[in-house]
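Observations on the model geometry
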Amino acid sequence: MALVNDHVTDASEKKIGGEAPGSTQVARSAGSAKGQDLDFITQNNKLDVEYQLPVTADAKATWVHAAFHNITAMVGAGVLGLPSAMVYLGWPAGVVIMTLSWVATLYTLYQMCALHEVKGRRFNRYHELGQYAMGSRAGLWTVIPCQLIVMIGLDIVYCVTAGKSMQFLYQHTCHGWREHTCTSFGLSAWIVVFAAIQMLLSTIPNFHKLSIISLAAAIMSIGYSTIAIGVAGHAGKQPGAEYNLNGYTRADGVFGIFNSLGTIAFAYGGHNVVMEIQATIPSKPTPSQPNPTLRPMMFGVTLAYLLVAYCYFGVAYTGYHAFGSMTGDQILYSLGHPIWVVCLASVMVIIHVCGSFQVYAMPVYDMIEYQLVKRHIPNGFLTRLVYRTTYIVLVGFIAITLPFFGDLLGFIGALGFGPTTYSLPSVFWLLVKKPKITNWHFWASWACIIAGVIITVLGAVGGLRGIIVDASSYKFYT
């Protein structure tokens, strides 16, 4: 992936500067490269073919692959934090915000899929679409920082999630667990174990060959969501469960609402890899079908989103109904019993995040490899082993240092997912499609853009405040 496409910026800007006087104002102001010879797309496509970069190599996927890749990308660690988001929002606001988020993110996901191929150009990466819409330099530096925050942030959260699940599983299955005589291992040790597993999985060369791991992860995500729904639904309302913020200070309530917006945004993260997932579907455009990958991709996305609705709404509503304001950061730990069921769900969480980690790491690997091959450094097995291991070590270290699961969901969700999930797809749609003010797409796009800005600002404030509060009492590297 072209992390730094600045080497083509000057050429692109010369093209833009020489466009015909009849060009639209939007194209001039945004630097849209529509209808022009975009050198960076040609360069990227050439390197994709020559070096078999991780995102586009072995592009043999179908709508089925698209479906389970999207499920793996969507239904992740965030679903287990949705009941805690309901604590601060309450029933009316929580139901409305979650429903609107589902509808809005499905719409922006469609916008991205529909823009995957435009007038003979295929945008295999999120930032390539941004560069087409906004201009080479502006598009690159608008998308890349947000996308990296999301992908690296998610991998950090997955390390924490897997570490906590492994720790819980060990504490409740080891010999002598009932008497609490098991040897104690801190969270840091389990994060290291998970990182070691990721080092092995990182030897998978590209996105398409990750399919089996991604399929297993998708099945596991539906599995542990079903367990959470079933156990919470069977348990019913617990003694002492209340649906209010009594006992919380006004500041806790306000910042909790802010953080909840980020947590909900975090749950809809598939947009950050949707262009890369669509790139795994082979394409042969024709004049009558300029975007042939749209149909199979939307089949997969629709199936994935129906399952997302089942998992998200089911876990959020049954979990909050059972525990009310007593709901913890992670619903599985609030459930507690029957212990064998919670342990089974923990195993599923571990398997799922093993796959999800690699799904979100693959575009990062792609960025790194692009820079390597551009400098004539071969992207063979040894090279991949070195840089991918380095990435996993760095992510694992950060996870050990900042294992604040609930607050990380809100902070990363707001700062990264707000723009990439809600705002940017609609911005690109307006710049590329240029709908008239009388067209419903115009107003729907602006609604998504405004929602993304609100989530980004308020959610980041709430998440950061929670991290600061937790850090004041946290003992590092335990």
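Computed from a prediction, not measured in an experiment: that's the story for all the values here.

1. Here we look at the overall build of the protein chain
Helix and strand content of the protein chain: 17 helices and 2 strands. By the burial criterion, 59% of the 478 residues in the protein chain qualify as buried. Considering only residue pairs separated by 6 or more positions, the protein chain has 86% of its internal contacts joining residues 24 or more positions apart.

2. A short note on the packing of helix H11 (residues 271-278) against helix H12 (residues 294-323)
Taken N-terminus to C-terminus, the directions of H11 and H12 make an angle of 140°; their axes are 11 Å apart at the nearest point. One finds that H11 runs oblique with respect to H12. The interaxial crossing formed by H11 with H12 has right-handed handedness. Residues His271, Val274, Ile277 and Gln278 of H11 pack against Leu294, Met297 and Tyr305 of H12. Residue composition of the contact of H11 with H12, grouped by class: 5 nonpolar, 2 polar and no charged.

3. As for helix H9 (residues 211-235)
For H9, which comprises 25 residues, the first-to-last C-alpha distance of 36 Å matches the rise-based estimate of 36 Å (1.5 Å per residue) to within 8%. Looking one or two places after H9, you find Gly236, whose phi comes out positive at around 70°.

4. Quick notes on H12
The periodicity of an α-helix, 3.6 residues per turn, causes residues three or four positions apart to be oriented the same way. If you check H12, its first and last C-alpha atoms are 42 Å apart, about what 30 residues at 1.5 Å a residue would give, namely 44 Å. Backbone geometry just downstream of H12 places Gly324 in the positive-phi region, at approximately 55°.

5. A look at the confidence of the model for the protein chain
Overall, the predicted model of the protein chain reaches an average pLDDT of 81, with 83% of residues at or above 70. Helix H8 (residues 187-201) holds the highest mean pLDDT among the elements of the protein chain, 93, whereas helix H1 (residues 9-17) holds the lowest, 39. Taken as a whole, residues 1-37 scores under 50 in pLDDT and shows 85 contacts with residues more than four places along the chain or in a different chain.

6. Remarks on the pattern of salt bridges
Taken as a whole, this structure holds 4 salt bridges when the rule is applied. When the shortest N-O distance is used, the salt bridge between Glu128 and Arg125 registers 3.1 Å. By relative accessible area, which is 0% here, Arg125 ends up buried. Between Arg125 and Asp366 there is a salt bridge whose closest N-O contact spans 2.7 Å. Here Asp366 lies in helix H14 (residues 339-374) and Arg125 lies in the loop between strand E2 (121-122) and helix H6 (126-134), a separation of 241 residues in the sequence. According to the relative accessible area criterion, Asp366 is buried, its value standing at 0%. Members of the salt-bridge network, linked through shared partners, are Arg125, Glu128 and Asp366.

7. Focus on the packing of aromatic side chains
Applying the stated criterion across every chain, the model contains 19 aromatic pairs. For the pair Trp63 and Phe299, a centre-to-centre distance of 6.3 Å together with 55° between the ring planes defines the contact as tilted. Of this pair, Trp63 sits in helix H4 (residues 63-74) while Phe299 sits in helix H12, and the two are 236 residues apart along the sequence. Judged by relative accessible area, which is 40%, Trp63 ranks as partly exposed. With relative accessibility at 44%, the residue Phe299 sits in the partly exposed group. A ring pair is formed by Tyr107 and Trp440, whose centres lie 5.6 Å apart and whose planes are at 45°; its orientation type is tilted. Taken together, the positions of Tyr107 in helix H5 (residues 82-114) and Trp440 in helix H17 (residues 440-471) put the pair 333 residues apart, joining distant regions of the chain. You can call Tyr107 buried: its relative accessible area is 12%. The ring of Trp429 carries the charged tip of Lys433 above its face, separated from the ring centre by 5.5 Å.

Reading the values: the criteria
Residues numbered from 1 in each chain as written. Predicted model: local features only at pLDDT ≥ 70, side-chain atom pairs only at ≥ 80, totals over all residues. Heavy atoms only, no water. Helix = DSSP H or I, 4+ residues; strand = E, 2+ residues; numbered from the N terminus. Buried < 20%, exposed > 50% of the residue type's maximum accessible area, 1.4 Å probe, protein only. Contact = heavy atoms within 4.5 Å. Axes fitted to C-alpha atoms, helices over the stretch in contact; angles between N-to-C directions. Parallel < 35°, antiparallel > 145°, perpendicular 65-115°, else oblique. Left-handed = near helix turned anticlockwise from the far one by under 90°. Nonpolar A, V, L, I, M, F, W, Y, C, P; charged D, E, K, R; others polar. Expected span 1.5 Å × (residues − 1). pLDDT = per-residue confidence, 0-100. Salt bridge = Lys/Arg side-chain N within 4 Å of Asp/Glu carboxyl O. Phe/Tyr/Trp six-rings, centres within 6.5 Å; stacked < 30°, edge-to-face > 60°. Lys NZ or Arg CZ within 6 Å of the ring centre and 35° of its normal.

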